[in-house]
Amino acid sequence: MGRYDLALIGFGGVNRALAELISHGGERLAKELGFSLRVVAITDLRAGSLVDTDGIDLAPLLAAEPGELSFADLSGGSADPRNEWVIREVPADIVVEATFTNPTDGEPALSHVRWALESGKHVCTTNKGPVALAGRALKHLAAERGVSFEFEGSVLSGTPVLRTAERMFGGLQVTGVQGIMNGTSNYILGRIEEGIDLPAAIAEAQELGYAEADPTADIEGHDVQLKVMILANEVLGADLRREDVFCEGISAITPHEVRDAAAKGLRWKLVGSATRHEDGSVDARVAPLALPAHHPLAGISGPLNAVAFHTDLLGTVTVCGPGAGRIETAYALLSDLIAIHQRHADDDTAPTRPVLQETHRV
Ligand SMILES: NC(=O)c1ccc[n+]([C@@H]2O[C@H](COP(=O)([O-])OP(=O)(O)OC[C@H]3O[C@@H](n4cnc5c(N)ncnc54)[C@H](O)[C@@H]3O)[C@@H](O)[C@H]2O)c1
Ligand SMILES: N[C@@H](CCO)C(=O)O
């Protein structure tokens, strides 16, 4: 049975949930999937870095409160995240990037992904920044190095939107996408409709693990803007930059407007869309809309999200499922790991693991 050694970059909600899946369900998954997973490195801005090329014992890390975790005093640990050294030098097969999304320039996650691919390591990430802002270049780099770059969790967490389009839509022309693609804003709009105020609704979304570290991106639509770019670039063959996508969030909608609309049978939703025209150009936008109850997206509530694909032969195909959540997004990473295994299990040119130089051990 094969085994993949992982380096986890960022140890917040999502990568901790992946570590839990591996720690608690690893044996069952190995039997079912035909490969096992082992974590050999973890880095985190707050906790530092931890390296054990024989496999990190995850149980004590998962038993600690997230905010209290420090690797500094552990064997193989350091207070410094040392991302570049860990990514480039530790002999992992796959780098799992789940640090903060930066909608402006994608950094430092973009560098994390680039260092990993340059080092001949596969990458899976839930981070929208590198995918939306540099997806084409990173895919090119991955292909050049013979490794995979997987990012299912960058759109609708673990709900398989990108892989459905990539694997199941052969022979179809996709002419547009429209959807509710942010769990936090959708949850917040629902809670405001129920009478909760905005700050309390944001706090709930943070507690539930839906919101970005800085929820401004959820509220102002930037998170959806990145997701629309990813969908347009991956599915409609576009090459959109952020400034190409009009973006308005939900911050200007008052609680009165939300409740007044509900009384009239309308639901405010933050809708992202992209349309491909006959000449191949693609228009994309993010804006709140008051949808009538009969609209297919009106009933998508809470952290549930949906993406409708408009196609030539099937009409509209809608994929619906969780749009956010720690475990749901960890599943996206697991689905990426499975995709990497399926693509590379038979590689006879698979990169060999370099040996970590003793002098570099901490
Ligand atoms: N939570 C979700 O529902 C969800 C869904 C889809 C995608 N995502 C994306 O997944 C990523 C992780 O989400 P999360 O919910 O775990 O966020 P989080 O804020 O809980 O965790 C991020 C972690 O990354 C660490 N970090 C930040 N910068 C770092 C750096 N330079 N080096 C090392 N560590 C660093 C932070 O200390 C934190 O522990 C984000 O990019 C987010 O946009 C999250
Ligand atoms: N903050 C994002 C996480 C998923 O990308 C959301 O609420 O949808």
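Residues numbered from 1 in each chain as written. Chains lettered and ligands numbered in written order. Predicted model: local features only at pLDDT ≥ 70, side-chain atom pairs only at ≥ 80, totals over all residues. Heavy atoms only, no water.

- If you look the chain up in an unreviewed UniProt entry, it shows as Homoserine dehydrogenase from Streptomyces afghaniensis 772.
- Within the UniProt record for the chain, the comment given under Cofactor (unreviewed entry) is "a metal cation".
- According to UniProt, the comment filed for the chain under the heading Function (unreviewed entry) is "Catalyzes the conversion of L-aspartate-beta-semialdehyde (L-Asa) to L-homoserine (L-Hse), the third step in the biosynthesis of threonine and methionine from aspartate." (UniProt positions renumbered as here; feature names shortened; annotations may be inferred.)

1. Points about the overall build of the chain
- Along its length, the chain carries twelve helices and 13 strands.
- Taking 21 Å as the expected radius of gyration for a compact globule of 362 residues, we find that the chain reaches 21 Å, a close match to that expectation.
- Seen through its principal axes, the chain has C-alpha atoms that stretch 65 × 45 × 40 Å.
- With 362 residues in all, the chain has 54% of them scored as buried.
- Of all intrachain contacts in the chain linking residues separated by at least 6 positions in sequence, the fraction that spans at least 24 positions is 73%.
- Side-chain charges of the chain comprise 30 positive and 50 negative groups, with the mean position of each set lying 2 Å from the other. (Helix = DSSP H or I, 4+ residues; strand = E, 2+ residues; numbered from the N terminus. Rg over C-alpha atoms; globule rule 2.2 N^0.38 Å. Buried < 20%, exposed > 50% of the residue type's maximum accessible area, 1.4 Å probe, protein only. Contact = heavy atoms within 4.5 Å. Lys, Arg positive; Asp, Glu negative; His and termini not counted. Charge placed at Lys NZ, Arg CZ, Asp CG, Glu CD.)

2. Some remarks on the sheet that holds strand 3 (residues 48-51)
- Spatially, seven strands are ordered 4-3-2-1-5-6-7 in an open sheet, and the strand pairing comes out mixed. Strands at the two margins of the open sheet, each flanked by one partner only, are strand 4 (77-78) and strand 7 (149-150).
- Of the strands in this sheet, strand 1 (2-9), strand 2 (35-44) and strand 5 (94-97) are in contact with helix 1 (residues 13-33), which crosses strand 2 at around 165°.
- Against the sheet, helix 4 (residues 109-118) engages strand 1, strand 5, strand 6 (122-125) and strand 7, with an angle of about 175° to strand 5. (Pairing = 2+ DSSP bridges. Axes fitted to C-alpha atoms, helices over the stretch in contact; angles between N-to-C directions.)

3. A few points about the environment of Leu 236
- For Leu 236, the location among the structural elements is in the loop between helix 10 (222-235) and strand 9 (245-247).
- Of the residues examined, Leu 236 reaches a relative accessible area of 4% and is grouped as buried.
- Residues Leu 236 and Gly 280, spaced 44 residues apart in sequence, show a C-alpha to C-alpha distance of 8.8 Å.
- Residues contacting Leu 236, with those up to four places away along its chain left out, are Val 174, Thr 175, Gly 176, Leu 231, Ala 274, Thr 275, Arg 276 and Val 282.

4. Comments concerning the pairing of strand 11 (residues 282-292)
- In this sheet, strand 11 lies alongside strand 9 in parallel orientation, the contact comprising three bridges. Directly across from Val 245, in strand 11, lies its bridge partner Ala 284.
- Inspection of the sheet shows strand 10 (residues 266-276) paired to strand 11 by eleven bridges, in the antiparallel sense. Looking at strand 11, one finds that Arg 276 is bridged to Val 282.
- Hairpin remark: strand 10 followed by strand 11, antiparallel, with five residues in the connecting loop; positive phi at Gly 280, about 90°.

5. Description of the site of ligand 2
- Taken together, Lys 128, Asn 182, Gly 183, Thr 184, Tyr 210, Ala 211, Glu 212, Asp 218, Asp 223, Lys 227, Gly 323 and Ala 324 make up the full set of residues adjacent to ligand 2.
- Measuring from an oxygen atom of ligand 2, one finds a side-chain N or O atom of Lys 128 at 2.8 Å.
- Tyr 210 is positioned with one of its backbone polar atoms (N or O) 2.7 Å from a nitrogen atom of ligand 2.
- Protein chains bury 92% of the 260 Å² of accessible surface belonging to ligand 2 in isolation. (Near = heavy atom within 4 Å. Polar contact = N/O pair within 3.5 Å; in protein donor to acceptor, adjacent residues only side chain to side chain. Areas by Shrake-Rupley, 256 points an atom, 1.4 Å probe, with all protein chains shown as cover.)

6. Examining the site of ligand 1
- Taken together, 25 residues surround ligand 1, and among them Asp 44, Thr 99, Thr 126, Glu 212 and Gly 325 come closest.
- For ligand 1, an oxygen atom lies 2.9 Å from a polar atom in the backbone of Gly 13.
- At a separation of 2.9 Å, a nitrogen atom of ligand 1 approaches a polar side-chain atom of Asn 83.
- Here ligand 1, which alone exposes 820 Å², has 91% of that area covered by the protein.
- Elements that contribute at least two residues to the shell around ligand 1 include exactly helix 1 and strand 2.

7. A few points about the pairing of strand 3
- Here strand 3 shows a buried face lined by Gly 48 and Leu 50 and a second buried face lined by Ser 49 and Val 51.
- Note: strand 2 against strand 3, four bridges, orientation antiparallel. Note on strand 3: the bridge partner recorded for Ile 42 is Leu 50.
- Taking the residues that link successive antiparallel strands as the turn, the strand 2-strand 3 hairpin has three residues.
- Bridging between strand 3 and strand 4 involves two bridges; their strand directions are antiparallel. By the bridge assignment for strand 4, Leu 50 is matched with Gly 77.

8. A short note on the nonpolar core
- The biggest cluster of nonpolar side chains holds 65 residues, and the ones touching the most others in it are Leu 117, Phe 149, Leu 231 and Phe 309.
- With eight residues, the top contributor of residues to this core is helix 10.
- Taken together, domain 1 (2-157 + 326-360) and domain 2 (161-322) each give at least three residues to this core, which thus spans both.
- In contact with Phe 309, not counting residues within four places along its chain, are Val 161, Ala 165, Phe 169, Val 174, Gly 176, Val 177, Leu 231, Val 235, Gly 315, Thr 316, Val 317 and Val 319. (Core = buried A, V, L, I, M, F, W, Y, C linked by side-chain atoms within 4.5 Å. Domains from an automatic or database assignment.)

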